[in-house]
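Structural overview for review
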Amino acid sequence: MTDINSLHVARRVIRLEQDGLGQLADTLDESFNAIVDRLKDIKGRIICAGIGKSGHVARKIAATLASTGAPAQFVHPTEASHGDLGMITPDDAVLALSKSGETKELGDLMAYCRRFGTPLIGMTCGADSGLAKASDHLLLVPDAPEACAETRAPTTSTTLMMALGDALAVALLEARGFTAQDFKMYHPGGALGAALSTVGDLMHAGEDMPVIGLDARMSDALIEISAKGLGCVGVVAADGKLAGMVTDGDLRRHMGPNLLDQPVAEVMTRDPKTVTRQTLAADALRIMTSGSVKITQLFAVENGKPAGLLHIHDLLRAGVK
């Protein structure tokens, strides 16, 4: 039995695919811009199709496009030939994947696009292939060596197709002006949904927000802190703007027999760190934990006026990391 250095094999595979990605980046030209412009303006969906490993990549590209604001779905070419062509309209665009460009199962799909004027974008290594010639736009993938040279199993080629699909999705995302808030709508669950939550989604507002006036005394502050149970109270000036806040730390630093009679203005922390409703929850957590002095509460302000209070426990409960 021949001894095989698996680590050597792994590094060889990764470097071959890395070289292929470099070729892909170097060979992209202005036609890519034309494809993005075409897809940005379609009224329907991007239909992704492929057979075998190319089909698996097409499914992934469809999922990535859909999650980044470009409506997309996968259609299996064989099923398309048996009725699923009815899912495709002239308002759609078809992205067909085939390494050779001669995948016979794509034939009916290609003919359907020509007949009904549905834009066809081919992704293939075959520059002179049937798919390339039938396409309105071509995403030409470098015919780089497969990582498994002996069997020519799809390895490097599928990596390049996957990367090109990601490039297309991100370019479309930026061309559409897709924001983190838009992204959040498609990812409400899990850690990603939590990270994309905003302060406005999690903060305590209205009657739940602890605030007192700048002319109040510390006895009033303690009553408000106890009533709202968030460990602090915001102090607002006569114009309604946040002048400061009193936290548990302020209480400990000023502890003494006359604390309750002291004016709030003498105890409060002035100009505390603040955020807005639109601040991402993950960014708010970073603000709380990144300084030399860790803080556990942040006021959200609008035009200088407190709109809500965010506690670090709110972030932890939501799963923000």
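A few points on the structure. (Residues numbered from 1 in each chain as written. Predicted model: local features only at pLDDT ≥ 70, side-chain atom pairs only at ≥ 80, totals over all residues. Heavy atoms only, no water.)

The subject of this paragraph is the packing of aromatic side chains. Considering all chains together, one arrives at 1 aromatic pair under this definition. Between Tyr112 and Phe116, the aromatic rings sit 4.7 Å apart at their centres with planes inclined by 45°, giving tilted as the arrangement. Separated by 4 residues within a single helix, Tyr112 and Phe116 lie in helix H5 (residues 107–116), roughly one turn from each other. Residue class for Phe116 comes out partly exposed when judged on its relative accessible area of 36%. (Phe/Tyr/Trp six-rings, centres within 6.5 Å; stacked < 30°, edge-to-face > 60°. Helix = DSSP H or I, 4+ residues; strand = E, 2+ residues; numbered from the N terminus. Buried < 20%, exposed > 50% of the residue type's maximum accessible area, 1.4 Å probe, protein only.)

Our next topic: the side chain of His311. Secondary-structure assignment places His311 in strand E12 (residues 305–311). Within the structure, His311 has its side chain in polar contact with the backbone nitrogen of His313 (distance 3.0 Å). Sequence-distant contacts of His311, that is, excluding residues within four places in its chain, are made with Leu230, Met288, Thr296 and Gln297. (Polar contact = N/O pair within 3.5 Å; in protein donor to acceptor, adjacent residues only side chain to side chain. Contact = heavy atoms within 4.5 Å.)

This part covers the sheet that holds strand E9 (residues 269–270). Strand order in the open sheet made by the 4 strands is E6-E7-E8-E9, with mixed pairing throughout. Two strands in the sheet have a free side with no partner beyond their single neighbour: strand E6 (211–213) and E9. As paired elements, strand E8 (residues 242–247) and E9 share 2 bridges and run antiparallel to each other. Looking at the pairing, Gly244 lines up with Arg270 of E9. (Pairing = 2+ DSSP bridges.)

Time to look at the environment of Ile121. Within the fold, Ile121 resides in strand E4 (residues 120–124). In this structure the C-alpha to C-alpha distance between Ile121 and Ala134, which are 13 residues apart in sequence, comes to 8.9 Å. Aside from chain neighbours lying at most four places away, what touches Ile121 is Ile35, Leu39, Val94, Leu95, Ala96, Ser135, His137 and Leu139.

Let us now look at the environment of Lys305. Following the sequence through the fold, Lys305 ends up in strand E12. Here Lys305 falls in the partly exposed class, since its relative accessible area comes to 41%. Note: C-alpha distance between Lys305 and Gly240 (65 residues apart in sequence) is 5.7 Å.

With 20 residues, helix H7 (residues 156–175) should reach 28 Å at 1.5 Å per residue; the first-to-last C-alpha distance of 28 Å fits that figure. All of the buried residues along H7 are Thr156, Ser157, Thr158, Leu160, Met161, Leu164, Gly165, Leu168, Ala169, Leu172 and Leu173. (Expected span 1.5 Å × (residues − 1).)

The subject of this paragraph is the packing of helix H1 (residues 6–27) against H7. Between H1 and H7, whose axes approach to 9 Å, the crossing angle comes to 45°. With respect to H7, the axis of H1 lies oblique. As for the relative orientation of H1 and H7, their crossing is right-handed in sense. Facing Leu16, Glu17, Gly20, Leu21 and Leu24 of H1, the residues of H7 in contact are Thr156, Thr159, Leu160, Ala163 and Leu164. Of the residues assigned to the contact of H1 with H7, the class counts are 6 nonpolar, 3 polar and 1 charged. (Axes fitted to C-alpha atoms, helices over the stretch in contact; angles between N-to-C directions. Parallel < 35°, antiparallel > 145°, perpendicular 65-115°, else oblique. Left-handed = near helix turned anticlockwise from the far one by under 90°. Nonpolar A, V, L, I, M, F, W, Y, C, P; charged D, E, K, R; others polar.)

Turning next to unusual backbone geometry. In this model, Asp271 sits at a positive phi of 50°, which is unusual for a non-glycine residue. As for its placement among the helices and strands, Asp271 is situated in the loop between E9 and strand E10 (274–275).

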